[in-house]
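A structural walkthrough
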Amino acid sequence: MLHEELMLLFINQQNGKLHVDSTSAENALAGAVLIELVNSGRIAFEPNGKKLQVVDPTPLKDPLLQESVTRIDKPMKPQKAVERLRKKVRDNVVAQLEGRGAVRVEPRKVLGIFPGKTYVITDEAGNDEVHKTVGEVAAGYRGADARTGSLITLLYAVKAVHKVFHGDKKELNKRAKEIAAGNWAGDAVRRAVEAIQAGVTAATAAAAAASSG
């Protein structure tokens, strides 16, 4: 699942923290869930391409995706959909990873006072495979496909590519920008990912503005 792989990419293996702030992580994860729902055929854009809506109510086997579908209770723009889906999405994705034996969550204290979480990678082989595959695309060693292209597009939306992968920040971001605009998926999926990327970027900017205000 894209959201599971994205969460693995967000985890800093050195300290068990995330490479990005919680708002950015949740918006990007929500975007990944949206892309999975589009790929599943459960949601799609209206004919005018402005809003997402449920087009197939058939239940999904994955409980996280099924619960997410119920949040798209009316046609809505990608930013609104991201904002709807981001609530508890990080905890829900982590719970799935824990259930698969990929991650273990340990409590920690932030500033010695506030409760926080440390994420310990327990399936190192699986985690390494995700980082290797996506990292090779980010570095330009191989072309993007629908999976890696979506992941890099979401990382780029929250300015995280250079935080996740080693290399020159300028070059990594340049490559990520090219990938985000590339033709690595069918037209319908490509347009959906592009719109969801814009929704993630807008939701992150809005949350940042609200917190600073």
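To keep things clear, this report deals only with the structure shown in the data block.

The rules we used
- Residues numbered from 1 in each chain as written.
- Predicted model: local features only at pLDDT ≥ 70, side-chain atom pairs only at ≥ 80, totals over all residues.
- Heavy atoms only, no water.
- Helix = DSSP H or I, 4+ residues; strand = E, 2+ residues; numbered from the N terminus.
- Rg over C-alpha atoms; globule rule 2.2 N^0.38 Å.
- Buried < 20%, exposed > 50% of the residue type's maximum accessible area, 1.4 Å probe, protein only.
- Contact = heavy atoms within 4.5 Å.
- Areas by Shrake-Rupley, 256 points an atom, 1.4 Å probe, with all protein chains shown as cover.
- Lys, Arg positive; Asp, Glu negative; His and termini not counted.
- Charge placed at Lys NZ, Arg CZ, Asp CG, Glu CD.
- Expected span 1.5 Å × (residues − 1).
- Salt bridge = Lys/Arg side-chain N within 4 Å of Asp/Glu carboxyl O.
- Core = buried A, V, L, I, M, F, W, Y, C linked by side-chain atoms within 4.5 Å.
- Patch = residues over 30% accessible without salt bridge, like charges linked within 9 Å, V, L, I, M, F, W, Y side chains within 5 Å.
- Arc of directions from axis to C-beta.

Some remarks on the overall build of the protein
- Assigned secondary structure in the protein consists of ten helices and four strands.
- The N-to-C order of helical and strand elements in the protein reads α-α-β-β-α-α-α-β-β-α-α-α-α-α.
- In terms of C-alpha radius of gyration, the protein reaches 17 Å, essentially the compact-globule figure of 17 Å for 213 residues.
- The dimensions of the protein, computed from C-alpha atoms along their principal axes, are 50 × 40 × 35 Å.
- Classification of the 213 residues of the protein by burial places 45% in the buried group.
- Sequence-distant contacts, at least 24 apart, represent 58% of the contacts inside the protein between residues at least 6 apart.
- Approximately 10,800 Å² of the protein is accessible, and the part contributed by carbon and sulfur atoms is 51%.
- Each charge sign in the protein was given a centre, from 31 positive and 25 negative side chains, and these centres are 6 Å apart.

Focus: helix H10 (residues 187–212)
- Across its 26 residues, H10 extends 38 Å between first and last C-alpha, which sits within 8% of the 38 Å expected from 1.5 Å per residue.
- What H10 keeps buried is the set Arg190, Ala192, Val193, Ile196, Gln197, Gly199, Val200, Ala203, Thr204 and Ala207.
- Buried positions along H10 lie against helix H2 (22–40), strand E1 (43–45), helix H4 (78–85), helix H7 (146–157) and helix H9 (169–180).

Section: the pattern of salt bridges
- The final tally for this structure, using the stated rule, is ten salt bridges.
- In this structure, aspartate 73 engages arginine 84 in a salt bridge whose closest nitrogen and oxygen atoms are separated by 2.9 Å. Highlighted residues: aspartate 73 in the loop between helix H3 (63–71) and H4 and arginine 84 in helix H4, separated in sequence by eleven residues.
- A residue is classified by how much of its surface remains accessible, and arginine 84, at 26% relative accessible area, is partly exposed.
- The partner of arginine 104 in a salt bridge is glutamate 106, and the shortest N-O contact between them spans 2.9 Å.
- Beyond isolated ion pairs, a larger network of salt bridges with shared partners links Lys132, Glu136 and Arg142.

Looking at the nonpolar core
- Within the largest apolar cluster, 62 residues are counted, with the highest numbers of intra-cluster contacts made by Leu6, Met7, Phe10 and Leu155.
- Considering each element in turn, this core owes the most residues, ten residues, to H2.
- Residues in contact with leucine 6, not counting those within four places in the same chain, are Ala28, Leu29, Ala32, Leu151, Leu154 and Leu155.

Regarding a negative patch on the surface
- Taken together, the side chains of Asp123, Glu124, Asp128 and Glu129 define an acidic patch exposed on the protein surface.
- Locating glutamate 129 in the fold gives a position in helix H6 (residues 124–138).

Some points on a positive patch on the surface
- On the surface, Lys50, Lys51, Lys74, Lys77 and Lys80 cluster together into a positively charged patch.
- Relative to the assigned elements, lysine 74 resides in the loop between H3 and H4.
- Under the relative-accessibility criterion, lysine 74 is labelled partly exposed at 49%.

A look at the environment of alanine 30
- Relative to the assigned elements, alanine 30 resides in helix H2.
- Measuring from C-alpha to C-alpha, the distance between alanine 30 and isoleucine 196 comes to 9.4 Å, with 166 residues separating the pair along the chain.
- Aside from chain neighbours lying at most four places away, what touches alanine 30 is Val82, Leu85, Arg86 and Val89.

Topic: helix H5 (residues 89–99)
- Those residues of H5 not exposed but buried are Val89, Arg90, Val93, Val94, Gln96 and Leu97. Looking down the long axis of H5, one finds its buried residues gathered within 155 degrees of arc, a one-sided arrangement.
- Buried positions along H5 lie against helix H1 (2–10), H2, H3, H4, strand E3 (103–110) and strand E4 (114–121).
- Residue glycine 101 follows H5 closely and has a positive phi angle near 75 degrees.

The values are spatial; any link to function lies outside them.
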